[in-house]
Amino acid sequence: MDMTDRKDQLAANLAKVEARIAAACAAAGRRRDEVTLIVVTKTYPAGDVRMLSELDVRHVAENRDQDAAPKAAECTDLPLTWHFVGQLQTNKVRSVVGYADLVQSVDRSKLVTALSKEAVRVGREVGCLLQVALDAGESGRGERGGVAPGGIAELADLVADAPGLRLDGLMTVAPLTGEYAGRQQAAFERLMDLSTDLRRAHPAANMVSAGMSADLEQAVAAGATHVRVGSAVLGVRAGLG
Ligand SMILES: *Cc1c(COP(=O)(O)O)cnc(C)c1O
């Protein structure tokens, strides 16, 4: 496919996603500007990120540092906010803080310490969302990362007190197992309740990141402020992404 065709395809897909978000907002009695679209560009090349930027996308997300770091380096001239949404090992923190404006997958104290140290070292402020595991029960950790609901308050205090970090809110991925399996809207409503609790102690931490290509309507209905959409914009990924 040549570049013009690819850009037309991305524009058409974006228009469809935009229409879905707008319809979901209307159905929920919410204003369209209450929901921010984050396009998940994982596995797709920097050229696609550049086209998305030309098509007025302002938020992009990546989940693997190896893939994201070179891509972000090719796109430093673009007016984009970069979100990191993947499970993050502390040995990747130095690289990720080099380009990520927000890390949505903060789920343990060791990671908070490492992010804070690096943010201070390079003089950046990194926005942090706590990734909530709704398949973990009240304690423990989720299969794909995430802090259990019972661990949110303590981790939130830690982030809020950490130099170089800003506590921005909560994120989740609809669980494939456990009581919320197949019940995306219930899962996202639970996340909203947890966000309400969080905002009692941290009023500015008002981001609620939920919903992907398959379930963005349920996320908007539940009250999400950010949806993370990959395949509906860029196409179905080959292999694991
Ligand atoms: C890949 C990914 C998405 C986007 O998923 P799609 O189904 O492609 O829209 C959203 N959030 C996270 C954390 C992801 O890893």
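The rules behind these values
Residues numbered from 1 in each chain as written. Predicted model: local features only at pLDDT ≥ 70, side-chain atom pairs only at ≥ 80, totals over all residues. Heavy atoms only, no water. Helix = DSSP H or I, 4+ residues; strand = E, 2+ residues; numbered from the N terminus. Rg over C-alpha atoms; globule rule 2.2 N^0.38 Å. Buried < 20%, exposed > 50% of the residue type's maximum accessible area, 1.4 Å probe, protein only. Areas by Shrake-Rupley, 256 points an atom, 1.4 Å probe, with all protein chains shown as cover. Lys, Arg positive; Asp, Glu negative; His and termini not counted. Charge placed at Lys NZ, Arg CZ, Asp CG, Glu CD. Near = heavy atom within 4 Å. Polar contact = N/O pair within 3.5 Å; in protein donor to acceptor, adjacent residues only side chain to side chain. Salt bridge = Lys/Arg side-chain N within 4 Å of Asp/Glu carboxyl O. Pairing = 2+ DSSP bridges. Right-handed = clockwise from strand over helix to strand, strands pointing away. Core = buried A, V, L, I, M, F, W, Y, C linked by side-chain atoms within 4.5 Å. Contact = heavy atoms within 4.5 Å. Expected span 1.5 Å × (residues − 1).

Helices and strands together make up the secondary structure of the protein, namely nine helices and eight strands. Since a compact globule built from 241 residues should have a radius of gyration of about 18 Å, the 17 Å found for the protein is in line with a globular shape. Each principal axis of the C-alpha atoms in the protein carries an extent, and together these give about 50 × 45 × 30 Å. Scored against the burial criterion, the 241 residues of the protein give a buried share of 50%. As displayed, the protein offers around 10800 Å² of accessible surface, 51% of which is attributable to carbon and sulfur atoms. Considering the protein, the positive charge centre built from 28 side chains and the negative charge centre built from 31 side chains are found 3 Å apart.

The ligand sits among Val40, Lys42, Val85, Met212, Ser213, Arg228, Val229, Gly230, Ser231 and Arg237. Within the backbone of Gly230, a nitrogen or oxygen atom sits 2.8 Å from an oxygen atom of the ligand. Protein chains shield 88% of the accessible area of the ligand, which is 390 Å² for the free molecule.

With that settled, consider the pattern of salt bridges. Under the definition given, this model contains 17 salt bridges. Measuring nitrogen to oxygen at the nearest pair gives 2.9 Å for the salt bridge that ties Asp33 to Arg31. Salt-bridge contacts for Asp168 lead to Arg166; the nearest nitrogen and oxygen are separated by 2.8 Å. Judged by its relative accessible area of 31%, Arg166 is partly exposed.

Below, the discussion takes up the pairing of strand 6 (residues 165-172). Extensive coverage of strand 6 is indicated by the burial of seven of its eight residues. Looking at chain direction, strand 5 (residues 126-132) and strand 6 are connected through seven bridges and run parallel. Across the sheet, the residue bridging to Gln131 is Met171, located in strand 6. Pairing of strand 6 with strand 7 (residues 207-209), which is carried by three bridges, proceeds in the parallel orientation. Bridged to Leu170 within strand 7 is Val208. Following the backbone out of strand 6, through helix 7 (residues 184-201) and into the adjacent parallel strand 7, one traces a crossover that is right-handed.

Our next topic: the nonpolar core. Val103, Leu115, Leu130, Leu165, Val227 and Val233 are the most contacted members of the largest nonpolar core, which has 69 residues in total. In this structure, Leu165 is in contact with Val112, Leu115, Ser116, Ala119, Val126, Cys128 and Val159, ignoring residues within four places of it in sequence.

What follows deals with helix 7. End to end, helix 7 covers 26 Å across 18 residues, agreeing with the expected 26 Å (1.5 Å per residue, within 8%). Looking only at helix 7, the buried set comprises Ala187, Phe188, Leu191, Met192, Leu194, Ser195 and Leu198. As for helix 7, its buried residues are in contact with strand 5, helix 6 (152-161), strand 6, strand 7 and helix 8 (216-222).

Once that is clear, we can look at helix 5 (residues 109-122). Here helix 5 contains 14 residues, and its C-alpha end-to-end distance of 20 Å stays within 8% of the 20 Å for a straight helix at 1.5 Å per residue. Gly123 sits one or two positions beyond helix 5 and adopts a positive phi of about 70°.

Here we take up unusual backbone geometry. Even without glycine at this site, Thr43 takes up a positive phi of about 75°. Looking at the secondary structure, you find Thr43 in the loop between strand 1 (36-40) and helix 2 (46-54). A positive phi is found at Asp56, a non-glycine position, where the angle reads about 75°.

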